[in-house]
Amino acid sequence: MHGQPDEEKKQEPDLDASQLDLPEALVLYGLDTVIDFISSPSHPTVRPGVLRLIDEARELAVPTFILSESLTTNELARAVESVEPSFQQLSSNSRIHYQSGLEEFVIDGNGGEDGFSPDRFVGEGIGHAPCPAALYDAVNSVSILPKGFGGADGFGVKNWEAARAPLPQHCVVFVCGDSDGNRSGVLDRSDGSGSISRDRCIAARYAGMRSIYIESEGRPCTADDVADGVVGSLGTEEDWEIVTLDDVSSPGSFWVNMMLAKDLDGMGVNTETVIEEFIERRRGKNKTAPSYFARNDPEPDEDELAKILADLESL
C-alpha cells in the first residue's frame, strides 16, 4: 500500500476521529473494480475488501456508488448481484447506488423531502473518462446530511443545516487496473490516454476527487503520476494491510489535504468548464455515430454479460 511521492501524500501519525475529514462518498468506478473476472474467469468473485469497505461506509452513512460507463443501471445491478446476491439488499437499503454514464440520473428518493436537487446533469450519456462528467453526475444524484466538524469533544463543532450532494473534495474514487486487460467491446476512446484505468484517475483529478488505484496482477500500473494512492488490494480482515475509511480520509494514509480540481500539470481547473469542453467535442463527433461513441468501455457488452450470467447459473 503506497501513496505518491509528493508532499501531500505521506504517512501521518494516528489521529483522533474528530480530527479527520471522512469521505462523504465512495465511488467504485467500473464493474472490474467490484468484480474480479480475471483470477477465475469461470467463477468471478467480489474483489477482496470491497464488501468490508462498503460496510464501513454504511455504518457512518457514507454512500457508495458503483459506476459504469457502458452498462445501464439494470445491467450493472444484474452483473454485480449475480456474483454476490447481498448487493441486492445493500441497494434496496440505499447503501449502494448503481449509476450509469449512459443514463440521465434520477434524484434519490429523499431528495424531494429535504429540498435538495442538483442544478443539472451534464454527461449527456457521453461523459466517460477522462471526462469527469460521469463522476460529477453520479455524486450529484443523491443528497446527504453532512456531519458537523470541529475539535475533539464537540468543542467548536459546526453543524450543516441543509442537505446537499457530496462535495467533490470529500469524494474518493477507486479504480482497478483490470479494466485495461478486458478490452472486448471497447469503442471510441480516441480522446483518452489508451489506458482505461489511467483515464478514470484523470477524470477524478479533473473532478477534484481523490483516487486509489488497485493494481492488476502481472500488469504495470498506468496511473502512478495521476492516482493519489496505489494498492495491491483493498484487503480483507486477514490481510496485514487493508484500506479503511480512515485511510482515505483527510489526513489519512495517502494524502494530507483535500483535493482541488487540477489538470495533468497540477494547474487548477474549473470542473464544469472541463466537462463542457469534452462534451462539445464529443457531441460534434457523435453526430455521425452516437451510440458508437457513448457505449465505450472495456466492461462486458450485453452479449458478454448474458454469457457471464448463463455461466454463473450453471454453477
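Here the residue numbers are simple positions, counted from 1 along each chain's written sequence. This being a predicted model, a pLDDT of at least 70 is required before a residue's local features are given, and a value of 80 or more before pairs of side-chain atoms are given or counted; all residues contribute to the totals for chains, interfaces and linings. Side-chain figures throughout are based on the complete set of non-hydrogen atoms in the structure, without hydrogens or water.

**Student:** Explain the overall build of the chain to me, and be specific about the residues and the numbers.
**Tutor:** Counting from the N terminus, the helices are DSSP H or I runs at least four residues long and the strands are E runs at least two residues long. Within the chain one finds ten helices and nine strands. Burial classes follow relative accessibility: with a 1.4 Å probe on protein chains only, a residue under 20% of its type's maximum area counts as buried, one over 50% as exposed, and anything between as partly exposed. Burial status across the chain gives 52% buried among its 315 residues. The long-range fraction of contacts in the chain, counting pairs at least 24 apart against all pairs at least 6 apart in sequence, stands at 73%. Surface exposure of the chain reaches about 14500 Å², of which carbon and sulfur atoms provide 49%. The contact definition used throughout considers only heavy atoms, calling two residues in contact when any of these lie within 4.5 Å. In these tables, accessible area is a Shrake-Rupley quantity obtained with a 1.4 Å probe, and a residue counts as shielded only by the protein chains included in the view.

**Student:** Quick one: what's the story with the packing of aromatic side chains, residue by residue and with numbers?
**Tutor:** Ring pairs are drawn from Phe, Tyr and Trp, using the six-membered ring of Trp, whenever the two centres fall within 6.5 Å, and their geometry is named by plane angle: stacked under 30 degrees, edge-to-face over 60, tilted for the rest. On inspection of all chains with the given rule, the structure shows two aromatic pairs. Aromatic pair Y206 and F278: ring centres 6.2 Å apart, planes at 65°, arrangement edge-to-face. Of this pair, Y206 sits in helix α7 (residues 196–207) while F278 sits in helix α8 (residues 271–286); the two residues are 72 residues apart in sequence, bridging distant segments of the chain. Of the two residues examined, Y206 and F278, each falls in the buried class. The side chain of R200 reaches across the aromatic face of Y29, ending 4.9 Å from its centre. For a ring to carry a charge above it, either NZ of a lysine or CZ of an arginine must fall within 6 Å of the ring centroid while also lying within 35 degrees of the normal to the ring plane. Across from the ring centre of F278, 4.8 Å away, lies the NZ or CZ of R281, which sits over that ring.

**Student:** Before we move on, could you go through the nonpolar core and cite the residues and values that matter?
**Tutor:** Throughout this description, the term nonpolar core refers to a set of buried Ala, Val, Leu, Ile, Met, Phe, Trp, Tyr and Cys residues connected via side-chain atoms within 4.5 Å. Core analysis: the biggest nonpolar cluster contains 36 residues, and Y29, L135, V173, M209 and Y213 have the highest contact counts within it. Breaking this core down by element, the ones donating at least two residues are β2 (25–29), β5 (64–68), α6 (133–139), β7 (171–176), α7 and α8. Each residue touching M209, except ones within four places of it in the same chain, is listed here: L135, V139, P168, C171, V173, A204, D228 and M259. Core analysis: the second largest hydrophobic core is formed by 35 residues, I35, V46, V80 and V231 among them.

**Student:** Describe the pairing of strand β8 (residues 210–214), naming the residues involved and giving the relevant values.
**Tutor:** Within β8, five of the five residues are buried, which leaves the element mostly enclosed by the surrounding structure. Covered by surrounding structure in β8 are R210, I212 and I214 together with S211 and Y213, the residues of both alternating faces. Pairing between strands is defined by DSSP: at least two bridges between the two strands are required. Summarising the sheet, β8 and strand β9 (residues 229–231) pair through three bridges and their orientation is parallel. Each residue of the ladder has a partner; that of I212, found in β9, is G229.

**Student:** Before we move on, could you go through the environment of L71 and cite the residues and values that matter?
**Tutor:** Its place among the elements puts L71 in the loop between β5 and α3 (73–83). Look at L71 and you get buried, because its relative accessible area is 0%.

**Student:** Let's hear about the pattern of salt bridges: which residues, and what values?
**Tutor:** Should a side-chain nitrogen of Lys or Arg be within 4 Å of a carboxyl oxygen of Asp or Glu, the pair is scored as a salt bridge. Using the criterion set out here, one finds ten salt bridges in the structure. Here E56 ties to R52 by a salt bridge, and the two come within 2.9 Å at their closest N and O atoms. In this pair, E56 and R52 both sit in helix α2 (residues 50–59), four residues apart, roughly one turn of the helix. On the basis of relative accessibility, which here comes to 13%, the residue R52 falls in the buried class. For the salt bridge of R189 with E69, the shortest nitrogen-to-oxygen distance reads 2.4 Å. With R189 in the loop between β7 and α7 and E69 in the loop between β5 and α3, the pair connects residues that are 120 residues apart, well separated along the chain. R189 sits in the buried class, given a relative accessible area of 12%. Here E69 falls in the buried class, since its relative accessible area comes to 2%. Three or more residues are tied together by salt bridges with common partners; here these are D55, R58 and E59.

**Student:** With reference to specific residues and values, describe unusual backbone geometry.
**Tutor:** Here the residue pair A129 and P130 is connected by a cis peptide bond, since its omega of 10° sits within 30 degrees of zero. Even without being glycine, A61 reaches a positive phi, approximately 60°. A relative accessible area of 57% means that A61 is categorised as exposed. We note that S94 has phi near 60°; this positive angle belongs to a residue other than glycine.

**Student:** Summarise α2; cite the residues concerned and give the values.
**Tutor:** Buried residues of α2: V50, R52, L53, I54 and A57, and no others. At the C-terminal side of α2, A61 shows a positive phi close to 60°.

**Student:** For the confidence of the model for the chain, give the residues involved together with the corresponding values.
**Tutor:** In predicted models, pLDDT denotes the confidence assigned by the predictor to each residue on a 0 to 100 scale. Mean pLDDT over the chain: 81, with 73% of residues reaching 70 or higher. The model gives residues 4–15 a pLDDT under 50, and that stretch makes 28 contacts with residues more than four places away or in other chains. Note that pLDDT drops below 50 for residues 108–116; the model gives that stretch 17 contacts with residues more than four away or on any other chain.

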